[in-house]
Amino acid sequence: MAQFQVVKGAKDIFPEEIVRWHYIEGVIRSVTALYGFSEIRTPVFEYTELFQRGIGSTTDIVGKEMFSFLPDPNGRSITLRPEMTAGVMRAFLQKYPGGGVPAHKLYYVADLFRKERPQAGRQRQFTQFGAELLGVSSPAAVAEVISMMMQVFDSLGLQGLKLRVNSLGDLDDRARYRDMLRAYLEPFRDKLDEPSLERFDKNPLRILDSKNPAVQEIVAGAPKLLDCIRSEGRAEFDRVLGYLADRNIAYEVDHLLVRGLDYYGHTAFEVVSSELGAQDALGGGGRYDALSKELGGNVEIPAVGFAVGMERLIIAMEKQGLFAALTPHGPQVFVVLQDSSLEDQALRISDRLRHAGVSVESDLAGRSMKAQMREANRLMAGFALFVGQDEVASGNYTLRNLKTSEQFSLSLDAIPGVLHESSKQ
Ligand code: AMP
């Protein structure tokens, strides 16, 4: 029988790589704390209608990328979450039907599922780090959320990122723009590709972010969405840009930026990295005041958020050598047995040290002393602790620093103190 392989589009993460995840997650936790955000965890699946309503039926995600199934023959269809925002809003509305306190600041690091064609930087199971600010979406709130995202990138040392921003206006602005855009594209209909023709009727704005160079050439001359936005929306967008400039966050206004999801309005943004090749979007987000009502909420919850792909973050950081300083930690102590008849003693010693807060490994396979020393070095242990008949009888043990070869003769109780001293040097 052929050996099993990991499912197409999914990945295993072994300890060598997990240190990178832990490092990034640590930075995310500390930066989000500076802005007062706390973690939310929601279920990995939701009722399918939540995404149909929340993300929009004309989007690629809902149209063709969801993993949906029936839990039982008469049950309601369930979908593995393809993004977090709809689930977070659902959870929020369920807990706070009246809207809660003025601002709820939530972040997540979550596994998501989309039935896309796998390629570099595009998986079927992937992970996003993101944040949602619920209850307020003023220009100051939008700028704060963008700032937090950029501070995470800065703290990780990432360079060469581009922040693109655009305003999508409100529903009326977009309805007027849709008509203008269709009128502009009409004469080019025979030059549009299949996906663009499909979008022409359903969601023509999405033609603007086509990756097809022939389509890009056509949309380059299209009227600009920003020019359709009435003065109030324009002034708000200008305030967002002003706040970004105040914070020295470089940006570029990108008239073709529309984002793939339906619930965005007003400011939308995206960060791209030149390290990522064809899939160059590292993350993006925007304001989504309309979502709460769309999901049946009693009140409108103004909101702004973003999501960043963790796998792409890791690819970009790897290319910039930002993991070089991450050295894996070995155990503090490796217990080396002089004689396998002392195994019981060694287990007791390991146990005592571990309860004193010392990380300990030992050979569990009864191998020779030479093999045990090899294992201690392979694991990058800090010290070797030698356990023989004499040591057990006298209560004095030899502890060897494996880097400097310095040796100490000491009681078990004295070991944690010596390790503590040496960790300070
Ligand atoms: P989206 O939710 O589509 O706006 O995506 C936000 C970010 O999530 C993107 O910029 C990517 O970094 C990441 N992302 C989206 N889809 C995938 C995928 N299939 N595989 C890996 N990362 C993804």
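For the structure itself, consult the block above.
The structure presented is a predicted model; accordingly, all values stated were derived computationally and were not measured. (Residues numbered from 1 in each chain as written. Predicted model: local features only at pLDDT ≥ 70, side-chain atom pairs only at ≥ 80, totals over all residues. Heavy atoms only, no water.)

1. Topic: the overall build of the protein chain
What counts here: Secondary structure elements follow DSSP: runs of H or I of four or more residues count as helices, runs of E of two or more count as strands, with numbering from the N terminus. It is over C-alpha atoms that the radius of gyration is taken, and the globule rule equals 2.2 Å times the number of residues to the power 0.38. Exposure classes here rest on a 1.4 Å probe applied to the protein chains alone. A residue is buried below 20% of its type maximum, exposed above 50%, and partly exposed in between. The contact criterion used throughout is that any non-hydrogen atoms of two residues lie within 4.5 Å. Here the open area of atoms and residues is found with the Shrake-Rupley method and a 1.4 Å probe, where only the protein chains shown may cover a residue. Think of it this way: Lys and Arg go in the positive column, Asp and Glu in the negative one, and His and the chain ends go nowhere. Think of each charge as sitting on NZ of Lys, CZ of Arg, CG of Asp or CD of Glu.
Assigned secondary structure in the protein chain consists of 15 helices and 16 strands. Rg of the C-alpha trace for the protein chain: 28 Å, well past the compact-globule value of 22 Å for 425 residues, more than 25% over. With the C-alpha coordinates of the protein chain rotated into their principal frame, the extents come out at 90 × 60 × 45 Å. When burial is assessed residue by residue, the protein chain has 46% of its 425 residues classed as buried. Within the protein chain, counting contacts between residues at least 6 apart in sequence, those at least 24 apart form 70% of the total. For the protein chain, the computed accessible surface area is about 21500 Å², with 51% contributed by carbon and sulfur atoms. Between the averaged position of the 49 positive side-chain charges in the protein chain and that of its 56 negative side-chain charges there is a distance of 2 Å.

2. So, the environment of L163
With respect to the secondary-structure elements, L163 resides in strand β7 (residues 161–167). Setting aside chain neighbours within four positions, we find L163 in contact with I146, M149, M150, L244, I249, A250, Y251, E252, F269, E270 and V271.

3. Let's talk about the environment of R29
Of note, R29 is situated in helix α1 (residues 15–34). Aside from chain neighbours lying at most four places away, what touches R29 is E39 and Y107.

4. Thoughts on the sheet that holds strand β12 (residues 333–337)
Keep this limit in mind: A pair of strands is labelled paired if DSSP reports no fewer than 2 bridges between them. Axis lines are fitted to C-alpha atoms, over the contacting stretch for helices. Their N-to-C directions set the angle, which ranges from 0 to 180 degrees.
An order of β13-β12-β14-β15-β16 is seen for the five strands of this open sheet, with the pairing classed as mixed. For this open sheet the edge positions go to β13 (360–362) and β16 (407–410), each flanked by a neighbour on one side alone. Looking at each pair of strands side by side, their axes are set apart by 25 degrees on average, direction ignored. Bridge count between β12 and strand β14 (residues 383–387): five bridges; the pairing is parallel. The partner of V333 across the bridge, within β14, is F383. Helix α13 (residues 369–378) rests against β12, β14 and β15 (397–401) of the sheet, and its axis sits at about 175 degrees to β12.

5. As for the sheet that holds strand β6 (residues 125–134)
The eight strands are arranged β1-β5-β6-β11-β10-β9-β7-β8 in an open sheet whose pairing can be described as mixed. Two strands close off the open sheet at either side, each with one partner strand: β1 (38–39) and β8 (252–253). Bridge count between β7 and β8: two bridges; the pairing is parallel. Note that in β8 the partner of V165 across the bridge is V253.

6. So, the site of the ligand
To keep it simple, the criterion reads: It suffices for a single heavy atom of a residue to lie within 4 Å of a molecule or strand for the residue to be listed as near it. As used in this structure description, the phrase polar contact means that two N or O atoms lie within 3.5 Å; if the pair is within protein, one of them must be able to donate a hydrogen and the other to accept it, and residues adjacent in sequence are counted only when both atoms belong to side chains.
Contacts to the ligand come from 14 residues, most closely from R114, E116, Q123, R259 and L282. Between G283 and the ligand, the recorded distance is 3.3 Å, taken from a backbone N or O atom to an oxygen atom. Calculation on the ligand without its partners gives an accessible area of 480 Å², and the protein chains cover 90% of this total. Mapped by element, the contributors of at least two residues to the shell around the ligand are β6, β10 (281–287) and β11 (303–309). Looking at the shell around the ligand element by element, the count peaks at three residues for β10.

7. Observations regarding the pattern of salt bridges
Stated precisely, the cut-off is as follows: Salt bridge criterion: a side-chain nitrogen from Lys or Arg within 4 Å of a carboxyl oxygen from Asp or Glu.
Under the definition given, this model contains 24 salt bridges. Measuring nitrogen to oxygen at the nearest pair gives 2.9 Å for the salt bridge that ties D173 to R230. Taken as a pair, D173 in helix α6 (residues 171–185) and R230 in the loop between α8 (213–219) and α9 (231–246) lie far apart in primary sequence, 57 residues in all. Exposure remark for D173: the relative accessible area of 2% places this residue in the buried category. For R230, a relative accessible area of 40% gives the class partly exposed. A salt bridge links D179 to R182, with the shortest nitrogen-to-oxygen separation between them at 3.9 Å.

8. What to know about the packing of α1 against helix α5 (residues 139–156)
Here is the rule we go by: The labels follow the angle: roughly parallel below 35 degrees, roughly antiparallel above 145, roughly perpendicular from 65 to 115, and oblique for the rest. Here is the rule for handedness: rotate from the far helix to the near one, and if that takes an anticlockwise turn smaller than a right angle the crossing is left-handed, while a clockwise turn gives right-handed. Gly is placed with the polar residues, together with every amino acid not listed as nonpolar (Ala, Val, Leu, Ile, Met, Phe, Trp, Tyr, Cys and Pro) or charged (Asp, Glu, Lys and Arg).
With their axes 9 Å apart at the nearest point, α1 and α5 run at an angle of 140 degrees to one another. In terms of orientation, α1 lies oblique with respect to α5. Seen along the crossing, α1 lies across α5 with a hand that is right-handed. Contact residues: α1 offers Y23, I24, V27, I28, V31, T32 and L34, while α5 offers M148, Q151, V152, S155 and L156. A per-class count over the contact of α1 with α5 returns nine nonpolar, three polar and no charged.

9. A word on helix α7 (residues 194–202)
Stated precisely, the cut-off is as follows: The arc refers to the directions leading from the helix axis to the C-beta atoms.
Of all the positions in α7, only S196, R199 and F200 are classed as buried. An end-on view of α7 places all buried positions within 120 degrees of arc, on one side of the element. Exposed positions of α7 whose direction lies more than 90 degrees from the buried face are E194, E198, D201 and K202. Looking at the buried residues of α7, the elements they touch are α3 (60–65), α6 and α8.

10. Here we look at a nonpolar patch on the surface
Heads up, the rule is: For patch building, the residue pool is restricted to those with more than 30% relative accessible area and no salt bridge; the joining distance is 9 Å between like charges and 5 Å between nonpolar side chains (Val, Leu, Ile, Met, Phe, Trp, Tyr).
Among the surface-exposed residues, V44, F45 and F69 lie close enough to one another that they form a single nonpolar patch of about 250 Å² accessible area. Among the structural elements, F69 can be located in strand β3 (residues 68–69). Accessibility expressed as a relative area gives 35% for F69, which makes it partly exposed.

11. Some remarks on the environment of K293
Within the element layout of this structure, K293 appears in helix α10 (residues 291–294). A relative accessible area of 45% means that K293 is categorised as partly exposed. Sequence spacing of K293 and L93 is 200 residues, and the spatial spacing of their C-alpha atoms is 9.9 Å. Excluding anything up to four places from it in sequence, K293 contacts N298, V299 and E300.

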